[in-house]
Amino acid sequence: MSDIKKIKDEYLDKLQGDLNLEKVNKIKTELFGKNGAISNSFKKLGSIQSEDRKKFASDLNFIKDELQEKINNKLQEIETKEINSKLKNEKVDVTLPERDIDQGKIHPVSQVIDEISSIFSEIGFSVEEGPDVENEHYNFTALNTPDNHPARDMHDTFYLDNNKELLLRTHTSPVQVRTMLKGKPPFKIIAPGRTYRSDSDQTHSPMFHQVEGLHIDKDINMGHLKGCLNYFIKEFFEVDKIQMRFRPSHFPFTEPSAEVDIGYELKDGKIVIGEGDKWLEILGCGMVHPNVLKNVNVNPDKYQGYAFGIGIDRLGMLKYGINDLRAFFETDYRWLRHFGFDPLDVPSNYRGLSR
Amino acid sequence: MKFTIGWLKEHLDTKHKDNKIVEKLTDVGLEVESFENVSSELDSFKVAKIINAEQHPNADRLRVCDVDIGEKNTIKVVCGAPNAKKNLLTVYAGPGSVIPKNKMKLTVSKIRGITSYGMLCSESELNLSNDSEGITELKQAKYSDQVGKNFFKNNSEKVIDLSITPNRPDCLGVRGVARDLVAAGVGKLKNISNKNIKKEGYQNIKVSIIKDKNQGCTIFGSCLIKGVTNKESPKWLKDKIESIGQKPISAIVDITNYVMFDLNRPLHAYDADKIDKEIIVRNSKKGETFEALDNKEYKLYDNMCVISDKSGVLGLGGIIGGTRSGTEFNSKNILLEAAYFIPRSIRKTSKLLNLDTDAKFRFERGIDPKSIEEGLTRAAYLITEICGGKISKFDVQKTEKDKKNKIKFKLSLFEKIAGFKIKDKDIVKILIYLGFEISKKKQELQLTIPTWRPDITQPIDIVEEIVRIKGYNNIKTLEPEKIRIKDTLNKKQKLFHFLQRSVASKGYYETVTWSFTDSKINKLFKEDRDEVKIVNPISSDLDVLRNSILPNLIFYVKKNLDRGFKDISLFEIGPIFKGKQPGQQLTVIGAIKSGKVSRLSWNEKDRLVDVFDAKKDVIQTLNEAGYDKNDFFIGDKSPPYYHPGKSGSIYLDKDDIDPVAYFGEIHPNIVKKLDINTEALVNFEIYLDHLKDNKIMLKDRKSNFEYSDYQKSERDFAFIVNKNIKAQDLIEIIKSIDKNLIKSVKVFDVYEGENIPSDKKSIALNVTIQSSVKTLNDNDLEKINSLIISTVENKSGAKIRS
């Protein structure tokens, strides 16, 4: 008994202090090797009186476990120390640049279209689309703009044939016509898309974007129109208050028609929407002309409603402080990087339009 | 449409301030473009300060002055005045100014070798006094804060410039504008004091309107004024004409113009002595010619409405007169015409001849057919007042009876459309002011439409009249309901938005380029699609609709490369055109990448972008959009603008007919032809219309979660195969051996070269084998191993590499 106690004390003592791996392994062999102290003690087990054997075995096992644990701890300690000392030499300069990240961008026009869709989605509009190439019927005639109408001169139209039958749509209004022809009222749609007019200067480009809105039901009046646009403008510019002015105007496809101005002021050369006493024209709208409804087989005595058309690019310019319309379409890498949006910035109803 | 406030007040009796009037104009739908003083010649005379005056190097009596005229930089002026000295306040006239005294026009000129921009003026030159000794000296106290301001006060009247919508021809005359203002409560309409004119004798030039098919003229009124003396207009008339930016010509012409601007009643004055016998209003015959007052000769087509005499065409009715019968200063006898021409006819003729005149603009929109006598009376009166002469009785030829246009208007329609109420009597009042004749029957008005309002044809037009006069600010703002009946986006639109952001998230900048392009570049990418020419392109290098998404992308990549960018990733999602009919278009993503990956990286080796970069991005994009890449089939055929050996196509499924995407390096010939200066150029395209709807919704896409806990094994194989054998085929062969056991196949090496015959290559594959029912023992594994080897060897002619 005292033998193994002695072994225990001796080796616990040996395992104190700063030991290297070699020394610990040597101790391990001395204890648990073929002729190690503990191994030998176990061999004695058979020669011990049976009444003492049980106790001896129990003590021996206890001591064995204690020493083993001690050795294992020691080994781990050494390992940790070794790793730590190794890590000391592994320091890198973390201020060196990270690996290249491919950071893409969404064009402002696309972002604004998504913002617009998100806002109108909230008040029950769905998105419709139509072809970029139109025939003169859908672009003009069905919209109450017959061939001899001077209003046609207001649109500088790109034609695709000499008979002026086929053209690039000058507005998104033909989508109204197509939507109503293929469905039944009520209609509550927006139609964003590319539009074309042969005009080019700082504020006009031969291609631009419009969003058309149409709401037809049994009792939709000008109050609904005003309410809808008021809601949209407020949401779009993310301001609490806006000033909006309806001015009578003329479009062949609406009657009464209006142009809408919003109030703004200039602060440090930047346009601030919602305050100030200056007016900025941003859209055209009106009550859909009964002739248009007749043209698409909707009974104007039963159904009525409003339509509007907004310049998407212009909205984007105002909201994000972009000065030159033409730059939208010039694919200057620097411009795209500057005005583009992170693809993760998806405008949505629950998350809001922007961060 | 321009007029002065004073002119307006000849028709409008009002106490309202000018600003109020201007505001009201916009409120009723007559948009005010500007409200400004007429610019005057004297505006170019500015208060100026001499900042510095030095001796002219080449002339004893001249000085070179630096003059502050209120702009950013001072101006150099050479001056001979002895009093031109530092700090003097004086009057500066810029180049282009006309000196009041001698009417001399200033130009930039060199005076003894020094350039002088304008001049400093003496009082005498400005007609202020006779003092010509030196330049004007202005008092410090009064002028020191006026530098840069106009020296002469502009006393001209303010001019209103209106933008009149095409439906309102009546407001192309000052009186029509006044009428709208009166309806809106801005004063009273003045009566025009039409002096009783004395008419003597008959208009003895016979007028006939021929009953041609689609005759463009329905009324032709005229009178003769004999014994006139045409002359320069008196000052009041000249001022009027000039105030609206027109040029006075002669009294007779100015009077006809004045009446046109005042009442929107176009008139034409002929020299009666130049008319050959009679006036015949008829359709033209093809090939007829005449010289118009714009001094151009016009060759006419069939069936244009012309005013002619026995010798031929005198003028195009309602559009332009001819030189043969024009009035001149020596004209003695005048035939004055006031007619009605049908808008459609006017528009057709002017379009065909590409001829735009003020008269055309008005007739095209619709002139009051009842204004003929009023116009003749007013013009004839003014002509005899100014030029003398005697007026004949009026002759009015008509092909149609006068008719009054009437409509019934239910009073309830107003609130139904406008959404707010106004009193019936207010409705009636507004309509009366606007010129309607009204009889009321219960809740309905029987309205006779004023003859000057061709735009009003149905009840809805009446609603508009009332709302606009009452004021759009009365319309309520009704909060929109937040109810959604239909999904905002359909599946295709959702896919569009998803792909757009998916591509962007892979490092591409989205761009939006024209739907049209340069036919020369388009040709390289159009394949067999029909070229769609634009008849009237904005410029000759944007002359066709794009048949492919690539021409513009490549064009702009080149532009950015030329800006000094090297590693560019751009994409566009938008339409391309297969033909010129509506709907013959496809929605396509094009994504292009140039240059290198890891350029100038401290820890990565740089490399050129290649076909596998494009492939990675396109596969990943499709995969993210919900298409399983394990089902994809990669074809090696692609459009000819790709590198024939380094490009491919992607089919969602092996059996699909149309590929959904292409990827690859751009054909080196095209890179060269377009002179694109880059090390490498790759691209992918996705055809959204070929992407099948994902019928399985996200919620159904998650199948039961199953996995195997049994041990998996990996085995590597290297096969030597013919070069034309594709990795995709080998993988497919191996996978199909036992779909339950073979979990994945990865290519980890491809080798050609030493130790391999030149027509062969070595492909090394790593195969993961795992059973879902048991742990495979060596025997099982050995079996599947040899099955893999034998199957691959049999099916592909490969040899296992030992």
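The rules we used
Residues numbered from 1 in each chain as written. Chains lettered and ligands numbered in written order. Predicted model: local features only at pLDDT ≥ 70, side-chain atom pairs only at ≥ 80, totals over all residues. Helix = DSSP H or I, 4+ residues; strand = E, 2+ residues; numbered from the N terminus. Rg over C-alpha atoms; globule rule 2.2 N^0.38 Å. Buried ≥ 20, exposed ≤ 12 C-beta atoms within 10 Å, placed from the backbone. Contact = placed C-beta atoms within 7 Å. Axes fitted to C-alpha atoms, helices over the stretch in contact; angles between N-to-C directions. Parallel < 35°, antiparallel > 145°, perpendicular 65-115°, else oblique. Nonpolar A, V, L, I, M, F, W, Y, C, P; charged D, E, K, R; others polar. Pairing = 2+ DSSP bridges. Domains from an automatic or database assignment. Core = buried A, V, L, I, M, F, W, Y, C linked by C-beta atoms within 7 Å. Expected span 1.5 Å × (residues − 1).

Caption draft 1: View of the overall build of chain B. Looking only at helices and strands, chain B has 20 helices and 43 strands in total. What you see for chain B is a C-alpha radius of gyration of 42 Å, clearly larger than the 28 Å of a compact globule of 802 residues, by over 25%. Along the longest, intermediate and shortest principal axes, the C-alpha atoms of chain B span 130 × 90 × 60 Å. Relative to its 802 residues, chain B shows a buried fraction of 39%.

Caption draft 2: Expanded view of the overall build of chain A. Of regular secondary structure, chain A possesses 11 helices and 10 strands. For a compact globule of 355 residues, the expected C-alpha radius of gyration is about 20 Å, and chain A comes in at 41 Å, more than 25% above that figure. When the backbone C-alpha atoms are referred to their principal axes, chain A occupies close to 125 × 45 × 45 Å. Taking all 355 residues of chain A together, 44% fall into the buried category. Intrachain contacts of chain A at a sequence separation of at least 6 include 66% that bridge at least 24 residues.

Caption draft 3: Structural context of the packing of helix H2 (residues 21-32) of chain A against helix H3 (residues 37-44) of chain A. Residues and elements named next belong to chain A. In contact at an axis separation of 3 Å, H2 and H3 are set at 10° when each is read in the N-to-C sense. As far as their axial angle goes, H3 and H2 are roughly parallel. Residue-level contacts link Glu 30, Leu 31 and Phe 32 of H2 to Ala 37, Ile 38 and Ser 39 of H3. In terms of residue class, the contact of H2 with H3 is made up of four nonpolar, one polar and one charged.

Caption draft 4: Up close: the pairing of strand S33 (residues 585-594) of chain B. All names here are of chain B. The buried count for S33 comes to eight of 10 residues, which makes it a mostly enclosed element. Relative to strand S39 (residues 681-687), S33 is paired through seven bridges, and the arrangement is antiparallel. Residue pairing in the sheet places Ser 594 in a bridge with Leu 681 of S39.

Caption draft 5: Here's a closer look at the environment of Asn 25 of chain A. For Asn 25 of chain A, the position within the fold is in helix H2. Each C-alpha atom of the pair Asn 25 of chain A and Asn 297 of chain A lies 97 Å from the other, and the pair is 272 residues apart in sequence.

Caption draft 6: Broad picture of the domain arrangement of chain B. Under the domain assignment, chain B is made up of domain 1 (2-38 + 156-189), domain 2 (41-143), domain 3 (207-398), domain 4 (406-470), domain 5 (491-690) and domain 6 (708-800). Averaged C-alpha coordinates put domain 3 of chain B and domain 6 of chain B at centres separated by 94 Å.

Caption draft 7: Structural view of the sheet that holds strand S10 (residues 119-120) of chain B. All names here are of chain B. Spatially, five strands are ordered S6-S5-S4-S7-S10 in an open sheet, and the strand pairing comes out antiparallel. One side of each edge strand has no neighbouring strand; the edge strands of this open sheet are strand S6 (75-79) and S10. Relative to strand S7 (residues 89-93), strand S4 (residues 45-55) runs antiparallel, the two sharing five bridges. By the bridge assignment, Phe 45 is partnered in S7 with Ala 93.

Caption draft 8: Main features of the environment of Thr 4 of chain B. Residue and element names in this part refer to chain B. With respect to the secondary-structure elements, Thr 4 resides in strand S1 (residues 2-4). Linking Thr 4 and Ile 244, residues 240 residues apart in sequence, is a C-alpha distance of 7.4 Å. Those residues within four positions of Thr 4 in sequence are excluded, and the remaining contacts are Glu 157, Lys 158, Val 159 and Ser 243.

Caption draft 9: Spatial organisation of unusual backbone geometry. Cis rather than trans, the peptide bond between Pro 185 of chain A and Pro 186 of chain A has omega equal to 5°. Tracing the backbone shows Pro 186 of chain A in the loop between helix H7 (173-182) and strand S4 (187-196). Residue Pro 256 of chain A is reached from Glu 255 of chain A by a cis peptide bond, and omega for that bond is -5°. Checked against the element boundaries, Pro 256 of chain A lands in strand S7 (residues 254-267). Unlike most non-glycine residues, Asn 144 of chain A shows phi in positive territory, near 65°. By secondary structure assignment, the location of Asn 144 of chain A is in the loop between helix H6 (136-139) and strand S3 (166-168). Backbone geometry at Asn 755 of chain B places phi at a positive 75°, although glycine is not the residue there.

Caption draft 10: Geometry of the nonpolar core. Ile 116 and Cys 285 of chain A together with Ile 225, Ile 334, Leu 336, Ala 379 and Ile 383 of chain B are the most contacted members of the largest nonpolar core, which totals 160 residues. Per-element accounting of this core gives the leading share, nine residues, to helix H6 (residues 251-263) of chain B. Within the second largest apolar cluster, 67 residues are counted, among which are Phe 341 of chain A together with Phe 496, Tyr 508 and Ile 589 of chain B.

Caption draft 11: Broad picture of the domain arrangement of chain A. Considered domain by domain, chain A is made up of domain 1 (2-87) and domain 2 (108-339). Summarising the inter-unit geometry, the C-alpha centres of domain 1 of chain A and domain 2 of chain A are found 88 Å apart.

Caption draft 12: Here's a closer look at the interface of chain B and chain A. Counting residues at the interface gives 79 residues for chain B, matched by 69 residues for chain A. Taken together, the elements giving at least two residues each to the side of chain B that touches chain A come down to helix H7 (343-353), helix H8 (358-365), helix H10 (412-418), helix H12 (459-470), helix H13 (491-504), strand S28 (509-510), helix H15 (550-562) and strand S32 (569-577) of chain B. The leading source of residues in the side of chain B that touches chain A is H12 of chain B, at six residues.

Caption draft 13: Quick peek at helix H16 (residues 611-624) of chain B. All names here are of chain B. Taking 1.5 Å of rise per residue, 14 residues should cover 20 Å, and H16 covers 20 Å from first to last C-alpha, within 8% of that figure. Inspection of H16 places Val 611, Asp 613, Ala 614, Asp 617, Val 618, Thr 621 and Leu 622 among the buried residues, and these make up the whole buried set. Tucked inside the fold, the buried residues of H16 contact H13, S33, strand S34 (596-597), strand S37 (642-651), strand S38 (661-666) and S39. One or two positions beyond H16, positive phi appears at Gly 626, with a value near 105°.

Caption draft 14: Structural view of the sheet that holds strand S13 (residues 207-209) of chain B. Residues and elements named next belong to chain B. Read across the sheet, five strands follow the order S13-S16-S19-S20-S21 without closing on themselves; strand pairing throughout is mixed. Bordering the open sheet on either side are S13 and strand S21 (320-321), each of which pairs with just one other strand. Here strand S20 (residues 312-316) pairs with S21 via two bridges, running antiparallel. Each residue of the ladder has a partner; that of Gly 315, found in S21, is Gly 321.

Caption draft 15: Molecular detail of H7 of chain B. All buried positions along H7 of chain B are accounted for by Pro 343, Ser 345, Ile 346, Arg 347, Lys 348, Thr 349 and Ser 350 of chain B. Residues of H7 of chain B that are buried sit in contact with strand S19 (305-309), S20, strand S22 (334-341) and H8 of chain B.

Caption draft 16: Spotlight on the pairing of strand S5 (residues 63-68) of chain B. All names here are of chain B. In this structure, S4 lies alongside S5, joined through six bridges in antiparallel fashion. Residue pairing in the sheet places Glu 54 in a bridge with Val 64 of S5. Both S5 and S6 contribute to a ladder of five bridges, which runs antiparallel. Counterpart to Val 64 in the pairing with S6 is Val 78.

Caption draft 17: Layout of the environment of Asn 61 of chain A. Residues and elements named next belong to chain A. Inspection of the secondary structure assignment puts Asn 61 in helix H4 (residues 50-87). The exposure class assigned to Asn 61 is exposed, which follows from the 12 C-beta atoms found within 10 Å. For the pair formed by Asn 61 and Leu 283, sequence separation is 222 residues and the distance between their alpha carbons is 92 Å.

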